[in-house]
Amino acid sequence: MGFIFYLQCSNENRRKSTIINVNDPTTKMPSSKAMLATALAKANTAVQLDNTHSHTFARKYYQEACVLLSQLDSRAKNEKDRQKLKSIRQTYLHRIEQLGGSISEVS
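These remarks concern the structure in this document. Numbers given for residues are sequential positions, taken from 1 along each chain in its written order. Local features in this predicted model are restricted to residues of pLDDT 70 or higher, and side-chain atom pairs are both shown and tallied only at a pLDDT of 80 or more, whereas totals for entire chains, interfaces and linings draw on every residue. As a rule here, side-chain values come from all non-hydrogen atoms in the structure, and water together with hydrogens is ignored.

### Examining the overall build of the chain
Numbering of helices and strands runs from the N terminus; a helix is a DSSP stretch of H or I covering at least four residues, while a strand is a stretch of E covering at least two. When helices and strands are tallied, the chain shows three helices and two strands. Ordering the α and β elements of the chain from the N terminus gives β-β-α-α-α. Taken across its 107 residues, the chain has 28% of its residues classed as buried. Any two residues having at least one pair of non-hydrogen atoms within 4.5 Å are treated as being in contact. When contacts within the chain are restricted to residue pairs at least 6 apart in sequence, long-range pairs at least 24 apart make up 44% of them. By element, 52% of the accessible surface of the chain is carried by carbon and sulfur atoms, the whole surface being about 7300 Å². Think of it in three bands: with a 1.4 Å probe and only protein chains considered, a residue is buried below 20% of the maximum accessible area for its type, exposed above 50%, and partly exposed in between. Per-residue and other accessible areas were derived by the Shrake-Rupley procedure at a 1.4 Å probe size, with only the shown protein chains allowed to occlude residues.

Okay, here's the thing in structure tokens:
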């Protein structure tokens, strides 16, 4: 089973959204650096929403960040990076649970 990866980048006032089907062998996957930047941007948005008590939206962004971090974990080349990614993901998963909505851990 594959994932559909949603990548959103912003360039000044322009936003570009791309849906990538990882089951399609002709699809080029985004770089790990781009995925990490997207995950961190989503996490930052989640924290900002969390601070304004917009918990439903914060939970959504934490979940999206967790999916990306899980995908990055499978790409990590060394154990130290893998452990950092897992630790960050665990922190977000814990916060999702605190906000009242859990997602299954993606290994």
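### A closer look at the packing of helix 1 (residues 32-51) against helix 2 (residues 55-75)
Structural elements are reduced to axes, namely lines fitted to C-alpha atoms, with helices fitted over the stretch in contact, and the angle between N-to-C directions of any two is expressed from 0 to 180 degrees. One way to put it is that helix 1 packs onto helix 2 with a least axis distance of 8 Å and a crossing angle of 160 degrees. Here helix 1 lies roughly antiparallel to helix 2, going by the angle between them. Handedness of the crossing formed by helix 1 with helix 2: left-handed. Counting all contacts with helix 1, which are made through Ser32, Met35, Leu36, Thr38, Ala39, Lys42, Ala43, Thr45, Ala46, Val47, Leu49 and Asp50, the residues of helix 2 involved are His55, Phe57, Ala58, Tyr61, Tyr62, Glu64, Ala65, Leu68, Leu69, Gln71, Leu72 and Arg75. Side-chain classes are defined by residue name, with Ala, Val, Leu, Ile, Met, Phe, Trp, Tyr, Cys and Pro counting as nonpolar, Asp, Glu, Lys and Arg as charged, and the others, Gly among them, as polar. Taken together, the residues of the contact of helix 1 with helix 2 break down into 15 nonpolar, five polar and four charged. Any angle from 65 to 115 degrees is called roughly perpendicular, while one under 35 is roughly parallel, one over 145 is roughly antiparallel, and all others are oblique. Here a crossing is called left-handed whenever its near helix is offset anticlockwise from the far helix by less than a right angle, and right-handed whenever the offset is clockwise.

### Examining the pattern of salt bridges
In what follows, salt bridge is the name for a side-chain nitrogen of Lys or Arg lying within 4 Å of a carboxyl oxygen of Asp or Glu. Evaluation of the coordinates by the stated rule reveals six salt bridges. Lysine 42 serves as the salt-bridge partner of glutamate 64, at 2.6 Å between the closest nitrogen and oxygen. Taken together, the residues span a long stretch of sequence, with glutamate 64 in helix 2 and lysine 42 in helix 1 at a distance of 22 residues. For arginine 82, the salt bridge identified is with aspartate 73, shortest N-O distance 3.6 Å. The exposure class of aspartate 73 is buried, given its relative accessible area of 6%. Each of Asp73, Glu79, Arg82 and Arg89 takes part in a single network of salt bridges with overlapping partners.

### Focus on helix 3 (residues 79-98)
At 3.6 residues per turn, the α-helix brings residues three or four places apart onto the same side. When the terminal C-alpha atoms of helix 3 are compared, their 28 Å separation across 20 residues agrees well with the 28 Å that a helix rising 1.5 Å per residue should span. Within helix 3, the full set of buried residues consists of Leu85, Arg89, Tyr92, Leu93 and Ile96. Buried positions in helix 3, seen along its axis, are confined to an arc of 105 degrees and lie on one side of it. More than 90 degrees from the buried face of helix 3, the exposed residues found are Lys80 and Glu97. Buried-residue contacts for helix 3 involve helix 1 and helix 2. Where helix 3 terminates, the next one or two residues include glycine 100, which has phi positive at roughly 95 degrees. Expected helix span is given by 1.5 Å per residue-to-residue step, counting one fewer step than there are residues. The directions from the helix axis to the C-beta atoms form the arc being described.

### Looking at the environment of aspartate 50
Its place among the elements puts aspartate 50 in helix 1. For aspartate 50, a relative accessible area of 10% puts it in the buried group. In this structure, the C-alpha to C-alpha distance between aspartate 50 and leucine 99, residues 49 residues apart in sequence, is 9.1 Å. Non-local contacts of aspartate 50, meaning those with residues more than four positions away in its chain, are made with His55, Ala58, Tyr62, Arg95 and Leu99.

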